[in-house]
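Take a look at the letters that make up each chain.
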Amino acid sequence: SPATSKTIAAIRFEGAECAITGVQPLTGALDVLVDGGADPAVSQTLLVSSLKGALKLGSSEATLSTFKADLRLASGQTWNFL
């Protein structure tokens, strides 16, 4: 089962118009999908999302609909997760 209530990130909010200020912890659980991560490639795509109620930003409920990230090694070499 996933570990919950753990700090995933500390996010800094700044700006005169920002309703939230300072550093807020992002806690809870994320779902990460790596389609094709077993196949060596220069870039691996991660799709990250959360279920309703699975995340908190500070003390407020938060939702991450979908976040896509392409990860590459600084060397430019191929790599995989397995």
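### Structural notes on the overall build of the protein
Okay, step 1: When its secondary structure is counted, the protein shows zero helices and seven strands.
Okay, step 2: Written out in order from the N terminus, the α and β elements of the protein read β-β-β-β-β-β-β.
Okay, step 3: For 82 residues, the compact-globule formula gives about 12 Å, and the C-alpha radius of gyration of the protein, at 16 Å, lies well above that figure.
Okay, step 4: Projected onto the principal axes, the alpha-carbon positions of the protein cover approximately 40 × 35 × 20 Å.
Okay, step 5: Taking the intrachain contacts of the protein between residues at least 6 apart in sequence as the baseline, contacts between residues at least 24 apart amount to 44%.
Okay, step 6: Accessible area for the protein stands at about 6000 Å²; split by element, carbon and sulfur atoms hold 54% of it.
Okay, step 7: The average position of the 6 basic charges and that of the 7 acidic charges among the side chains of the protein differ by 6 Å.

### Re the sheet that holds strand E6 (residues 60-62)
Okay, step 1: On the basis of which strands lie adjacent, the open sheet formed by four strands has the order E1-E2-E5-E6 and antiparallel pairing. Strand pairing shows two members of the sheet lacking a second neighbour, strand E1 (6-13) and E6, which therefore form its edges. If you compare each strand with its neighbour and ignore which way they point, the axes differ by 30° on average.
Okay, step 2: Bridging between strand E2 (residues 22-28) and strand E5 (residues 55-57) involves three bridges; their strand directions are antiparallel. What sits directly across from Gly28, in E5, is Leu55.

Parameters and conventions
Residues numbered from 1 in each chain as written. Predicted model: local features only at pLDDT ≥ 70, side-chain atom pairs only at ≥ 80, totals over all residues. Heavy atoms only, no water. Helix = DSSP H or I, 4+ residues; strand = E, 2+ residues; numbered from the N terminus. Rg over C-alpha atoms; globule rule 2.2 N^0.38 Å. Contact = heavy atoms within 4.5 Å. Areas by Shrake-Rupley, 256 points an atom, 1.4 Å probe, with all protein chains shown as cover. Lys, Arg positive; Asp, Glu negative; His and termini not counted. Charge placed at Lys NZ, Arg CZ, Asp CG, Glu CD. Pairing = 2+ DSSP bridges. Axes fitted to C-alpha atoms, helices over the stretch in contact; angles between N-to-C directions.

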